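Now for the letters of each chain:
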Amino acid sequence: MISMQQLQPPSRPASRKGPVIATVAVLVVVALTALVAKGCQAVTGGPVGSTDDFRAYVRSTTKTGEDVYRGLSPAPRDATPYPTKEGSSSCVDDFGFDTGDTTRDQPAFTWSLEYATEAGYRSAVAGLARRWRKEGRDVEEIPAPGPGEKGAGLPGVSAAFGDGIEVSVRPGWYSGKPELRVEGRCFRYEDTYGDAYDYMDDDNGDGVVDDLERSDG
């Protein structure tokens, strides 16, 4: 004789969809929060370092350019690199995020590249691209300007060097003459030393403004 208990359908295991959905929702919220925080940091200009941090970053940016300059083959006519410092009109606080002693600067330096022939310059650019690729860098080939443009016929190359430092060898935007350019990221820092270190007075990019540089300013 079949009992009533045997006639009842087997009970289904408790659904686990609820806890799974809750876990996924939490993960989504955490991911979105991280993205929003990162986006806000990008808008405000990134984390705030110290003046000494910025000094070190200027030195690192300059050294990157000097190392690339000395590694060019064939070498430019001038064997000693003397960079030209540049300011940045884009590294500014348009939204009022920098308060108190917080300021920002973006180190950028260019080196003139003098070659006896255009073929020498092209050979240096091609060799630089090969070396950067061997180092595992993401290399961008820059097409040569067309006829009638400044720097016509001279190709270029660029690559990222980490910590926001970008290096390029190409015809200058305004002069059309070959140049090496190294540009750091927009750096926010607490200017705790006042005007004891002013990047725009640091002509050689060594992180120190000496008396000669100060008098030149």
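Residues numbered from 1 in each chain as written. Predicted model: local features only at pLDDT ≥ 70, side-chain atom pairs only at ≥ 80, totals over all residues. Heavy atoms only, no water.

Enquirer: Got a sec to walk through the packing of aromatic side chains? Specific residues and values, please.
Expert: On inspection of all chains with the given rule, the structure shows 10 aromatic pairs. Taken together, a centroid distance of 6.3 Å and an interplanar angle of 65 degrees make the contact between Y115 and Y121 edge-to-face. Here Y115 and Y121 have matching classes, each one buried. For the ring pair F187 and Y189, a centre distance of 6.3 Å and an interplane angle of 50 degrees mean the geometry is tilted. Given the relative accessible area of 2%, Y189 is considered buried. Three or more aromatic residues joined by ring pairs form one cluster here, namely F54, Y57, F109, W111, F187, Y189, Y197 and Y199. Sitting over the face of the ring of F161, R137 holds its NZ or CZ atom 3.8 Å from the ring centroid. In this structure, R185 is placed above the aromatic ring of Y57, and the distance from its NZ or CZ to the ring centre is 5.0 Å. (Phe/Tyr/Trp six-rings, centres within 6.5 Å; stacked < 30°, edge-to-face > 60°. Buried < 20%, exposed > 50% of the residue type's maximum accessible area, 1.4 Å probe, protein only. Lys NZ or Arg CZ within 6 Å of the ring centre and 35° of its normal.)

Enquirer: Report on the nonpolar core, specifying residues and quantitative values.
Expert: Core analysis: the biggest nonpolar cluster contains 30 residues, and W132, V157, V169 and L180 have the highest contact counts within it. Elements that contribute at least two residues to this core include exactly α3 (51-71), β4 (108-112), α4 (118-134), β6 (156-160), β7 (166-171), β8 (178-183) and β9 (187-190). Sort the elements by how many residues they give to this core and α4 lands first, with six residues. (Core = buried A, V, L, I, M, F, W, Y, C linked by side-chain atoms within 4.5 Å. Helix = DSSP H or I, 4+ residues; strand = E, 2+ residues; numbered from the N terminus.)

Enquirer: Break down unusual backbone geometry for me, with residues and values.
Expert: Residue P74 follows S73 across a cis peptide bond; omega there is 0 degrees. Relative to the helices and strands, P74 resides in the loop between α3 and β2 (84-86). The residue D163 is not glycine, and still its phi comes out positive at about 55 degrees. Following the sequence through the fold, D163 ends up in the loop between β6 and β7.

Enquirer: Quick rundown of the state of the cysteines? Include the residues and the values.
Expert: Covalent bonding between the sulfur atoms of two cysteines is what defines a disulfide. Throughout the structure, instances matching the rule amount to one disulfide. What pairs with C91 in a disulfide is C186, and their sulfur atoms sit 2.0 Å apart. Looking down the S-S bond of the C91 and C186 bridge, the torsion is 80 degrees, so its handedness is right-handed. Of this pair, C91 sits in the loop between β2 and β3 (102-105) while C186 sits in the loop between β8 and β9, and the two are 95 residues apart along the sequence. A residue is classified by how much of its surface remains accessible, and C91, at 6% relative accessible area, is buried. (Disulfide = S-S within 2.5 Å.)

Enquirer: Just give me the short version of the sheet that holds β9, but keep the residues and values in it.
Expert: Overall, mixed pairing links the three strands, which are arranged β1-β9-β3 in an open sheet. Because the sheet does not close on itself, it has two edges, and the strands there are β1 (48-50) and β3. Sheet twist, expressed as the mean angle between neighbouring strand axes with direction ignored, is 45 degrees. Relative to β9, β1 runs parallel, the two being bridged by three bridges. Paired with G49 across the bridge in β9 is Y189. (Pairing = 2+ DSSP bridges. Axes fitted to C-alpha atoms, helices over the stretch in contact; angles between N-to-C directions.)

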